[in-house]
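Chain by chain, the residues:
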Amino acid sequence: MPVWAAELKNPPAHKSKQASIPDLPGFPSFAVLKDAKEPKAAQRKPPTPDEMDTWKLKKVWEVALGPIKSLPMTAIMMYMSGNSLQIFSIMMVYMAFKNPIMGILGTNQAFERFETDSNRAKIFQLVALALGIWKVNSMGLLPTTRSDWLAWETQREAVEHAVPGL
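Source: prediction; values computed, not measured. (Residues numbered from 1 in each chain as written. Predicted model: local features only at pLDDT ≥ 70, side-chain atom pairs only at ≥ 80, totals over all residues. Heavy atoms only, no water.)

What to know about the overall build of the chain
Point 1. The helix and strand inventory of the chain stands at seven helices and zero strands.
Point 2. When its helices and strands are written in sequence order, the chain yields α-α-α-α-α-α-α.
Point 3. Taking all 166 residues of the chain together, 17% fall into the buried category.
Point 4. For the chain, restricting intrachain contacts to residue pairs at least 6 apart in sequence, the fraction spanning at least 24 positions comes to 63%. (Helix = DSSP H or I, 4+ residues; strand = E, 2+ residues; numbered from the N terminus. Buried < 20%, exposed > 50% of the residue type's maximum accessible area, 1.4 Å probe, protein only. Contact = heavy atoms within 4.5 Å.)

Side note on the pattern of salt bridges
Point 1. Going through the model one piece at a time under the given rule, you end up with two salt bridges.
Point 2. Residues Glu62 and Lys59 are paired through a salt bridge, measuring 3.7 Å at the closest nitrogen-oxygen approach. Taken together, the residues Glu62 and Lys59, both in helix H3 (residues 49–64) and three residues apart, mark about one turn of the helix.
Point 3. A relative accessible area of 48% places Glu62 in the partly exposed class.
Point 4. For Lys59, a relative accessible area of 29% translates into the label partly exposed. (Salt bridge = Lys/Arg side-chain N within 4 Å of Asp/Glu carboxyl O.)

Let's talk about the packing of aromatic side chains
Point 1. For the coordinates displayed, the defined rule picks out one aromatic pair.
Point 2. Residues Trp149 and Trp152 carry aromatic rings whose centres are separated by 5.6 Å and whose planes lie at 50° to one another, so their mutual orientation is tilted.
Point 3. When its relative accessible area of 42% is taken as the criterion, Trp149 is described as partly exposed.
Point 4. Here Trp152 falls in the exposed class, since its relative accessible area comes to 66%. (Phe/Tyr/Trp six-rings, centres within 6.5 Å; stacked < 30°, edge-to-face > 60°.)

Concerning the side chain of Lys135
Point 1. Relative to the elements of secondary structure, Lys135 occurs in helix H7 (residues 119–138).
Point 2. For the buried Lys135, no salt bridge exists, and the shortest N-O distance to an oppositely charged side chain is 17 Å, to Asp148.
Point 3. Looking at Lys135, its side chain comes within polar contact range of the main-chain oxygen of Met78, at 2.6 Å.
Point 4. Look past the residues within four positions of Lys135 in its chain and what remains in contact with it is Met78, Ser81, Gly82, Asn83 and Val93. (Lys, Arg positive; Asp, Glu negative; His and termini not counted. Polar contact = N/O pair within 3.5 Å; in protein donor to acceptor, adjacent residues only side chain to side chain.)

Concerning the UniProt feature "transmembrane region" (unreviewed entry) in the chain
Point 1. According to UniProt, the feature "transmembrane region" (unreviewed entry) maps to residues 76–97 in the numbering used here.
Point 2. End-to-end, the C-alpha atoms of residues 76–97 are 16 Å apart, and along that stretch the chain is 77% helix and 0% strand. (UniProt positions renumbered as here; feature names shortened; annotations may be inferred.)

Considerations on the confidence of the model for the chain
Point 1. For the chain, the mean per-residue pLDDT works out to 77, and 80% of the residues sit at or above 70.
Point 2. The spread of mean pLDDT over the elements of the chain runs between helix H2 (residues 30–35), the lowest at 53, and helix H5 (residues 87–105), the highest at 86. (pLDDT = per-residue confidence, 0-100.)

Some words on a nonpolar patch on the surface
Point 1. On the surface, a cluster of nonpolar side chains totalling about 1,100 Å² of accessible area is made up of Met73, Ile76, Met77, Tyr79, Met80, Ile87, Phe88, Met91, Tyr94 and Met95.
Point 2. Of all the elements in the fold, those that place two or more residues in the nonpolar patch are helix H4 (66–81) and H5.
Point 3. Positionally, Met95 belongs in helix H5.
Point 4. Given a relative accessible area of 33%, Met95 falls into the partly exposed group. (Patch = residues over 30% accessible without salt bridge, like charges linked within 9 Å, V, L, I, M, F, W, Y side chains within 5 Å. Areas by Shrake-Rupley, 256 points an atom, 1.4 Å probe, with all protein chains shown as cover.)

Description of the nonpolar core
Point 1. Counting six residues, the largest nonpolar core is built from Leu71, Met78, Met92, Ala96, Ala128 and Leu131.
Point 2. Those elements giving two or more residues to this core turn out to be H4, H5 and H7.
Point 3. Ignoring sequence-local partners within four residues, the contact set of Leu71 consists of Val127, Ala128 and Leu131. (Core = buried A, V, L, I, M, F, W, Y, C linked by side-chain atoms within 4.5 Å.)

Comments concerning the side chain of Ser89
Point 1. Positionally, Ser89 belongs in helix H5.
Point 2. Residue classification places Ser89 among the buried positions, given a relative accessible area of 1%.
Point 3. For Ser89, the side chain forms a polar contact with the main-chain oxygen of Ser84, separated by 2.8 Å.

See the structure below:
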């Protein structure tokens, strides 16, 4: 058996360090660790109802602001994808509509553990949805001009007819 394998099974005893070498910051010496006794775990008092309400309010706002945190990245990705009809821009528009709609549908489930009003969080989801609508409009997919509705307009009757002379 090689020497290194034997040392793995029976490691050598810990060498005491020289007194001239100080401990690294954050690493106490081996002797201090041996002498240290187990600290007693501090008893935590249960939170008061006011503290619990404050904690719930903080958590509610963390959950409610989650969709807003992703808006800058979504806006940058939409800007970079351009206004032409390509697979990447179509997928970006799909995700811009899917995520807020799924967020609106899941709002009650996300806030049921906090037992609080969830109408404020829906506003942030609607802002994300408005970003998707803006992108669809900039791609020219929303029927916002008169020419988009020509199929439903009636043809005008001419008041006069001009006939060229021979």
